[in-house]
Amino acid sequence: MTIVTACTMDCGDACSLIVDSEKKTVRGNPNHPFTKGFCCKKGSRYFERLEAEDRIVTPLIREDGIFREASWDEALGLVAARLDAARAVPESILHIHGHGYRGILAKASSVFFNRLGASAYSGSVCDDTGITASERDFGVLHHNDPEDILNADRVINWGRDMTRCSIHQLALIQKARKKGTEVLTVSPGGDGTPEFSDVNVVIRPGTDRFLAAAVLKLYLEAGDLNPWVLNRTANWPALRGLIDGLKFTDLCAACEVPASDVEMLYDWYADTGRVATVIGWGLQRHVFGGENVRFINALAMVSGNIGIAGGGAYFNISSGRNLGSWDHLVKGGKQSATRREFWIGDLAGELEKADPTVDFIWVDGHNVVNQVPDCLAVAQAFARPFVVVVDGFMNDTAMQADVILPPAMMFEREDVLGSFVHNCVNHCAPAVSPPGRCRPDFDIVSDLGRRLADPVVLPDAETCVREGLKKGDISYGELVDMGFVKVNHPQVAFENMRFGHPDGLYRFPEDLHPEPGRDPDYPLQLLTLVSGKYLHTQIPASQQRGVPVVWVSKRNPAWGALDPARDAYLVTPIGAMQVKVETAEDLHPRAVIVRRGGWMKYGHVANVVIQPRKTDMAGGIAYYSQPCRLENR
Ligand SMILES: Nc1nc2c(c(=O)[nH]1)N[C@H]1C(S)=C(S)[C@@H](COP(=O)(O)OP(=O)(O)OC[C@H]3O[C@@H](n4cnc5c(=O)[nH]c(N)nc54)[C@H](O)[C@@H]3O)O[C@H]1N2
Ligand SMILES: Nc1nc2c(c(=O)[nH]1)N[C@H]1C(S)=C(S)[C@@H](COP(=O)(O)OP(=O)(O)OC[C@H]3O[C@@H](n4cnc5c(=O)[nH]c(N)nc54)[C@H](O)[C@@H]3O)O[C@H]1N2
Ligand SMILES: [Mo]
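Conventions adopted
Residues numbered from 1 in each chain as written. Chains lettered and ligands numbered in written order. Predicted model: local features only at pLDDT ≥ 70, side-chain atom pairs only at ≥ 80, totals over all residues. Heavy atoms only, no water. Helix = DSSP H or I, 4+ residues; strand = E, 2+ residues; numbered from the N terminus. Rg over C-alpha atoms; globule rule 2.2 N^0.38 Å. Buried < 20%, exposed > 50% of the residue type's maximum accessible area, 1.4 Å probe, protein only. Contact = heavy atoms within 4.5 Å. Areas by Shrake-Rupley, 256 points an atom, 1.4 Å probe, with all protein chains shown as cover. Lys, Arg positive; Asp, Glu negative; His and termini not counted. Charge placed at Lys NZ, Arg CZ, Asp CG, Glu CD. Polar contact = N/O pair within 3.5 Å; in protein donor to acceptor, adjacent residues only side chain to side chain. Near = heavy atom within 4 Å. Domains from an automatic or database assignment. Nonpolar A, V, L, I, M, F, W, Y, C, P; charged D, E, K, R; others polar. Axes fitted to C-alpha atoms, helices over the stretch in contact; angles between N-to-C directions. Parallel < 35°, antiparallel > 145°, perpendicular 65-115°, else oblique. Left-handed = near helix turned anticlockwise from the far one by under 90°. Salt bridge = Lys/Arg side-chain N within 4 Å of Asp/Glu carboxyl O. Pairing = 2+ DSSP bridges. Core = buried A, V, L, I, M, F, W, Y, C linked by side-chain atoms within 4.5 Å.

In the nomenclature of an unreviewed UniProt entry, the protein chain is known as Molybdopterin oxidoreductase of Pseudodesulfovibrio portus.

Right under this line is the structure:
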């Protein structure tokens, strides 16, 4: 039997999928306007993950350091007893929920722990720096419909590696190119972008704001400014004054881009025709990541490409824009307005300082012990509290648990979710039964809530889904029948230059911060980029054998200095990990690339050597500003 369902993994493509529940095959839904009948290998091979030999299919309780199987009754009874005790000091409970599974029902644990007044985390492992930057500029988060890129004459892609992160955006770009659209990518190189770009400009990682400012300088020098556009902005004189006071050669030097490439980029923006600007997630994972995004948006704006078809600046939309909440339907506990928060980028440091101490941690949908900086210290910080992990695999986070609860995963349970790239809401219908004792996360939380001495009672799942659909005025029946509903939003964002700020005007950045100088002891920069084959750490053990590979340019000073006959190490101020060094063409000479997602227990995770470092906005993590060196040991 074939069933229309959807992918709930943390990816903007958010595919609608057709699953054959007997043959266990998965393909893209041909009727879905963004999926268009194809999907990536992570989706098409998901049954390998569901049926993996090492999947956890029964609750586990740690006893004398060893996990033993347990019934739900025993496991949830134990968790409820520990929660009842911890509720005397609600802040002693910490809830960590990632985006490992997305949807209306996926919110259950967040709703539940909010009702308990538990501590939560602040900041973001992913995209909040760029979101905040975009909101400061435009007033709201919005961009043109993804299909509108087909109307662009030129696309300027600031560091989005679509060959890895989004095969559907890649397909759109390739279609646009076939009909003559040209693509220029700015990135530190060594990535998949040459596959879909006519021109690649190599930049020093973390410094896009200087390149955008240098192009703005050329606009000023040419006097090539559109008064209608500038009239729709609140603070042009401030940006103009800032750029006037800067030297073109200093800006080129700061981003290490030759003046000739800056002039070419100016031509790409300034020539007649419509230019779409794409902003990747990588360039906001730097200490001035927010400012990088703001200067790129400013350039898109000054060049007159905002508010028009074929133009626009694409960072994100909100995946929740069409979905509402259902937390007001819960009975018991108290909805908390303020909660104690720990910055996610320095979880170990924050837990160590915590007063009152954290005694109970619940993690679901997040391999947090692997994915945040200084993760070895995080593993150690998880040793003392009582830790509950809801996950199907014995990853670095589950290894630290006292109780592991096995969830039903994608294709095994219902949910409804939006995308941070397109405007469809998809229905993820259950296509197969969960194995062993696995249960949907929603049911786990619901069951736990009822077991508490002072219960917290969730409504049934369908009530929550129907409530969540009210905001977008989506019919549940239509959604279930079709598998998706496209919600109407303007094809072109900010038409007539009306922005989301109360005065309707655009805001330019008013500061340009210098990039921190290079540390002579750690002169290289570590970029932990997405892997094309896997979603983050959802990688089978068989793919993590041997020593992890890092890539450098042949022009990297470390390449010539390393003795290939000896072991190589990636070293930062907090540690070292053994690596195998290979070369990548056209990579910036000071960058070191490692593909992220490997596990600590296999010696494959670079987060053991990455230091906690904040971006300039929204408490994002500046993973890519990590100084490092390579040496033989
Ligand atoms: N296959 C696969 N797809 C995924 C994911 C996955 O794990 N696997 N994860 C999903 C998620 S949650 C996310 S957030 C996205 C991430 O998607 P991407 O943004 O593509 O990925 P990143 O690894 O964050 O950033 C990589 C790109 O940024 C460039 N870059 C790095 N620093 C800079 C800089 O300072 N300036 C410029 N101009 N470019 C820079 C790199 O060269 C690289 O091309 O992918 C989503 N899709
Ligand atoms: N060094 C470095 N680290 C990074 C980044 C970086 O650039 N550099 N980027 C970051 C980014 S962009 C992101 S988005 C984060 C991602 O960080 P995570 O969200 O931790 O990523 P995953 O490894 O996909 O972990 C998701 C977990 O959810 C589990 N899961 C899947 N389905 C379900 C389900 O239905 N229920 C439950 N309960 N669990 C489920 C999976 O088994 C998996 O263990 O990592 C960040 N980490
Ligand atoms: Mo992400």
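A word on the overall build of the protein chain. A count of helical and extended segments in the protein chain gives 20 helices and 25 strands. A compact globule built from 633 residues would reach a C-alpha radius of gyration of about 26 Å, and the protein chain, at 25 Å, matches this within 12%. Judged by the C-alpha coordinates and their principal axes, the protein chain covers about 75 × 60 × 50 Å. Burial analysis of the protein chain (633 residues in total) assigns 60% to the buried set. Of the contacts formed within the protein chain by residues at least 6 apart in sequence, a portion of 78% connects residues at least 24 apart. Accessible surface computed for the protein chain: about 23900 Å², of which carbon and sulfur atoms make up 50%. Positive and negative charge centroids in the protein chain, built from 66 and 78 side chains respectively, lie 1 Å apart.

Let us look at the side chain of Asp447. Along the chain, the position of Asp447 falls in helix H17 (residues 441-451). A polar atom in the side chain of Asp447 sits 2.9 Å from the side chain of Arg451.

As for its position among the elements, Asn157 is in strand E8 (residues 154-158). Assessed through its relative accessible area of 0%, Asn157 is described here as buried.

Right, let's talk about the site of ligand 2 for a bit. In the vicinity of ligand 2, 30 residues are found, and the nearest of them are His366, Asp391, Arg413, Thr537 and Gln538. Contact distances for ligand 2 include 2.8 Å between a nitrogen atom and a side-chain N or O atom of Asp441. For ligand 2, whose unbound accessible area comes to 920 Å², protein coverage reaches 98%. Split by domain, the shell around ligand 2 shows at least three residues from each of two domains, domain 1 (60-125 + 326-409 + 435-459) and domain 3 (524-632).

Bringing the site of ligand 1 into the picture now. Taken together, 29 residues surround ligand 1, and among them Asp191, Gly206, Asp208, Arg285 and Tyr534 come closest. Asp161 places a polar main-chain atom, nitrogen or oxygen, 3.2 Å from an oxygen atom of ligand 1. In the complex, 99% of the free accessible area of ligand 1, which totals 910 Å², lies under the protein chains. Those elements that provide at least two residues to the shell around ligand 1 are helix H6 (162-165) and strand E9 (182-187). Residue composition of the shell around ligand 1, by class: 13 nonpolar, 8 polar and 8 charged.

As a further point, take the packing of helix H8 (residues 208-222) against helix H12 (residues 259-270). As a packed pair, H8 and H12 sit with axes 9 Å apart at the nearest point and diverge in direction by 65 degrees. Relative to H12, H8 is oriented roughly perpendicular. As for how H8 packs across H12, the hand of that crossing is right-handed. Where H8 abuts H12, its residues Leu211, Ala214, Val215, Leu218, Tyr219 and Ala222 lie against Val262, Glu263, Leu265, Tyr266, Tyr269 and Ala270. Across the contact of H8 with H12, the residue classes tally to 11 nonpolar, no polar and 1 charged.

Glancing now at the pattern of salt bridges. Taken as a whole and assessed by the stated rule, the structure comprises 29 salt bridges. Here Asp244 and Arg240 are joined by a salt bridge, their closest N and O atoms 3.7 Å apart. Residue Asp244 and its partner Arg240 are both found in helix H10 (residues 236-244); the two are separated by 4 residues, about one turn of the helix. Look at Asp244 and you get partly exposed, because its relative accessible area is 45%. For Arg240, a relative accessible area of 33% translates into the label partly exposed. The salt bridge partner of Asp359 is Arg384, with a shortest N-O separation of 3.3 Å. On the criterion of sequence distance, the pair formed by Asp359 in the loop between helix H14 (347-353) and strand E14 (360-364) and Arg384 in the loop between helix H16 (375-381) and strand E15 (386-390) is long-range, its members being 25 residues apart. Overall, Arg384 belongs to the exposed group, its relative accessible area being 55%.

Turning to the sheet that holds strand E12 (residues 313-314), a few remarks are in order. With parallel pairing, the 5 strands of this open sheet are ordered in space as E10-E9-E8-E11-E12. The open sheet terminates on both sides in strands that have one partner only, identified here as strand E10 (199-202) and E12. Note that E8 and E9 share 5 bridges and pair parallel. When the bridges of E9 are listed, Asn157 appears paired with Thr185. The strands touched by H12 are E8, E9, E10 and strand E11 (275-279); relative to E8, the strand with the most contacts, the crossing angle is about 135 degrees.

Judged by nonpolar contacts, the single largest core of 75 residues is most densely connected at Trp158, Leu211, Val262 and Phe508. No other element matches the 10 residues that H8 contributes to this core. Val262 has contacts with Leu211, Ala214, Val215, Leu218, Phe248, Cys252 and Val257, leaving out every residue within four places of it along the chain. In terms of nonpolar packing, the next biggest core, distinct from the first, is built from 57 residues, Leu60, Val550, Met577 and Val594 among them.

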